[in-house]
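So the chains spell out like this:
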Amino acid sequence: MDYAPDLEFLEKLLLAAGPSGFEEEATGVFLEKAAGFAQAERDRHGNAYARLNPGGRPKVLLLGHADEIGVIVSHVEEKGFLRLKPLGGWDPQVLVGQRLRFLGKRGHVLGVVGRKAVHVLKEEERKKAVELEDLFADIGAGSREEALAHLEVGAVGVLDQPPQWLLGERLVSKALDNRLGAFVVLEALRLVAGKTEAEVVAVATVQEEIGAFGARTAAFREAPDLALVVDVHHDSAAPGMDKARVGEAELGRGVVLDVGPFVDREVLGGLRQAAEAEGIPYVLNAHGRWSGTDADEVAKVREGIPTGIVSIPLRYMHSPVEMVDFHDVERAVRLLAAYVQRL
């Protein structure tokens, strides 16, 4: 199946600020692209939808979450420094020295995450792991009043790390987890447009990083016959990774198909058949209780929705330098499209 990725769309998605619960900028990019070839809309929860063939059967839901981990301002100090709380699961160590982009009152506000210089850290401080409550953001304001003129308590921010291409078609960026999922489902929808009679709905879901809440409401709203969730999965090739714990996914070796309690065996079988027919390499990943993706919520909505999971190997998850091999991204798009066309 021929496929030419829309890299301009991908770049816009990755540059957008969309932390959990505040995804409007990212879902707006999704909807703008979707409107060119599908019925585009947003629900009250914030999920963004692109729909082909309304009323067709079967009805297939393709979901990739659009939110990224971020921070929310909890306090503005007298000297203008910002105290932060997490939106999603952070390793505070990766935040030290990073640049942030806040959604301010009149637009984006840039800042940095500060910490005392190593020269003035006490010995016990050097040995202690950094905690988020000890960090602060500095937007250059000289006072609380100056800071509040640009943003306020409740302002949210994300890492300011644009996408860059490395050797071997490797892409590094913030928010690959899981803006890639939103990219893949909409690209797959574009690929099957005019080639299926099924109703196919691509959804950029919200609030996955804090509980997969958007996927739950989207699945209830749409009541599909089946669903495919696209997310990322830990690469096992990087130093220190344990394959017995994280599985055998590796950048460039193909997509990951989950096996576990929330995965429908018939859907998984169809994904494997489509992958083999298209020559798309894949590895299996087993989870014993939950997958940690939107699928965990989708599968148990209403009387139960048959659900499958397609993941893209990714290094350095929840960091400013998340990395994928773009060949795996293209494979995920082609696999979803092939699966839908075979229904």
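Residues numbered from 1 in each chain as written. Predicted model: local features only at pLDDT ≥ 70, side-chain atom pairs only at ≥ 80, totals over all residues. Heavy atoms only, no water.

By the naming in an unreviewed UniProt entry, the protein is M42 family peptidase, taken from Thermus tengchongensis.

Observations regarding the side chain of T196
In plain terms, the rule: Only runs of H or I of at least four residues qualify as helices and only runs of E of at least two qualify as strands under DSSP, and these elements are numbered from the N terminus. Definition of a polar contact: a pair of N or O atoms within 3.5 Å, with one able to donate and the other able to accept a hydrogen when the atoms are protein atoms, and with sequence-neighbouring residues admitted only if both atoms are side-chain atoms. Here, residues are in contact when the closest pair of their heavy atoms is within 4.5 Å.
The residue T196 is located in the loop between α5 (176-192) and β12 (199-205) in this model. A distance of 3.1 Å separates a polar side-chain atom of T196 from the backbone nitrogen of A198. Among all residues touching T196, those that are not within four sequence positions of it are N53 and V340.

Some details on empty space enclosed by the protein
Inclusion rule: Detection works on a 1 Å grid of protein atoms alone, calling trapped sets that fit a 1.4 Å probe cavities and calling open sets with protein on both sides within 12 Å along at least five of seven lines pockets, with lining residues defined by an atom within 4 Å of a point. Grid points are joined across faces, edges and corners, and a volume is the space filled by probe spheres set on the points.
Under the criterion given, the structure shown has one cavity of 30 Å³ or more. Of the pockets and cavities examined, the largest cavity occupies roughly 70 Å³. Considering the residues around the largest cavity, the lining is formed by E68, I69, L159, K174, A175, D177, H318, S319 and E322.

Structural notes on the nonpolar core
Most often, soluble globular proteins have nonpolar side chains that are buried together. As a reminder of what qualifies: The definition of a nonpolar core used throughout is a set of buried Ala, Val, Leu, Ile, Met, Phe, Trp, Tyr and Cys residues joined through side-chain atoms within 4.5 Å. Each residue's exposure class comes from its accessible area (1.4 Å probe, protein chains only) as a fraction of the maximum for that residue type: buried when under 20%, exposed when over 50%, partly exposed otherwise.
In terms of nonpolar packing, the biggest core is built from 77 residues, with F30, L62, L63, F183, V184, L335 and L336 touching the most fellow members. The element contributing the most residues to this core is α5, with eleven residues. In contact with L335, not counting residues within four places along its chain, are V255, L257, L271, A274, A275, I280 and V310.

Observations concerning the environment of V29
Here V29 is to be found in helix α2 (residues 24-34). In sequence terms V29 and K12 are 17 residues apart; their C-alpha atoms lie 6.9 Å from each other. When near neighbours in sequence (up to four residues on either side) are disregarded, V29 contacts F9, K12, L13 and A16.

Let's talk about the UniProt feature "binding site: Zn(2+) 1" (unreviewed entry) in the protein
Here is the rule: UniProt positions are given in the numbering used here, feature names are shortened, and annotations may be inferred rather than shown by experiment.
The residues that UniProt annotates with the feature "binding site: Zn(2+) 1" (unreviewed entry) are H65, D177 and D231. The annotated residues occupy 167 residues of the chain but converge on a single region, no pair of C-alpha atoms lying more than 8.3 Å apart. Residues that both appear in the annotated list above and line the largest cavity are D177. With respect to the secondary-structure elements, D177 resides in helix α5. With residues near it in sequence (within four places) discarded, D177 still touches H65, D67, E68, E209, D231, V232, L314, M317, H318 and E322. Residue position: D231 is located in strand β13 (residues 226-234). Beyond its immediate stretch of four places on either side in the chain, D231 contacts H65, D177, N178, E208, T293, V310, S311 and I312.

Notes on the layout of surface pockets
Space left empty within the atom packing is revealed by a probe, the size of a water molecule, rolled over the atoms. Our working rule: All residues other than Ala, Val, Leu, Ile, Met, Phe, Trp, Tyr, Cys, Pro, Asp, Glu, Lys and Arg, Gly among them, are scored as polar; the first ten of these are nonpolar and the last four charged.
One number sums up the size of the largest pocket: a volume of about 470 Å³. Lining the largest pocket are 25 residues, with V232, H233, H234, S291 and G292 positioned closest to its centre. Residues that form the lining of the largest pocket fall into these classes: six nonpolar, eleven polar and eight charged. Quantified by volume, the second largest pocket comes out at close to 230 Å³. Taken together, R83, G114, R115, K116, L121, E125, K128, A129, V130, E131, D134 and F136 make up the full set of residues lining the second largest pocket. Taken together, the residues of the lining of the second largest pocket break down into four nonpolar, one polar and seven charged.

A closer look at the domain arrangement of the protein
So the rule is basically this: Residue ranges assigned to the domains are those given by an automatic or database domain assignment. Buried area is a sum: the accessible area each of two parts loses on coming together, probed at 1.4 Å, counted once for each and added. Salt bridges are counted wherever a side-chain nitrogen of Lys or Arg sits within 4 Å of a carboxyl oxygen of Asp or Glu.
What the domain assignment reports for the protein is domain 1 (7-68 + 174-341) and domain 2 (70-159). Here domain 1 and domain 2 have C-alpha centroids that lie 31 Å from each other. The interface is formed by 14 residues belonging to domain 1 together with 14 residues belonging to domain 2. Buried surface at the junction of domain 1 and domain 2, summed over both partners, amounts to about 1100 Å²; 67% is from carbon and sulfur atoms. Counting the surface domain 1 buries against domain 2, the share from its top three residues, F22, H318 and P320, is 38%. Summed over the shared surface of domain 1 and domain 2, the result is zero salt bridges. In this assembly, domain 1 and domain 2 are joined by three residue pairs in polar contact (both at pLDDT 80 or more). Among the residues forming the side of domain 1 that touches domain 2, the class breakdown is six nonpolar, four polar and four charged.

Digging into the sheet that holds strand β11 (residues 170-173)
Quick note on the threshold: Two strands qualify as a pair provided DSSP detects at least 2 bridges between them. Geometry is summarised by axes, namely lines fitted to C-alpha atoms with helices restricted to the contacting stretch, and by angles between N-to-C directions that run from 0 to 180 degrees.
Spatially, β10-β11-β17 is the arrangement adopted by the three strands of the open sheet, whose pairing is antiparallel. Every interior strand has two partners, whereas the edge strands, β10 (164-165) and β17 (322-325), have only one. Of the pairings in the sheet, the one linking β11 to β17 comprises four bridges and is antiparallel in character. What sits directly across from S173, in β17, is E322. Packed on one face of the sheet, helix α10 (residues 326-342) meets β10, β11 and β17 and runs near 65 degrees to β17.

Remarks on the UniProt feature "active site" (unreviewed entry) in the protein
Mapped onto the present numbering, the UniProt feature "active site" (unreviewed entry) falls at E208. With respect to the helices and strands, E208 occurs in the loop between β12 and α6 (213-222). Discounting residues that sit within four places of it in the chain, E208 has contacts with H65, D67, D231, G292, T293 and D294.

A few points about the sheet that holds strand β14 (residues 255-259)
Strand order in the open sheet formed by eight strands is β1-β2-β12-β3-β13-β16-β14-β15, and the pairing between neighbours is mixed. Of all the strands in the sheet, just β1 (39-42) and β15 (282-286) have a single pairing partner and so form its edges. On average, each strand axis in the sheet is inclined to that of its neighbour by 25 degrees, with strand direction left out of account. The sheet contact formed by strand β3 (residues 59-65) and β12 spans seven bridges and is parallel. Note on β12: the bridge partner recorded for L61 is V201. Each of β1, β2 (48-52), β3 and β12 is contacted by α6, which is oriented at about 165 degrees to β3, the strand it contacts most. Lying on the sheet, α10 is in contact with β3, β12, β13, β14 and β16 (307-314); it crosses β16 at an angle near 165 degrees.

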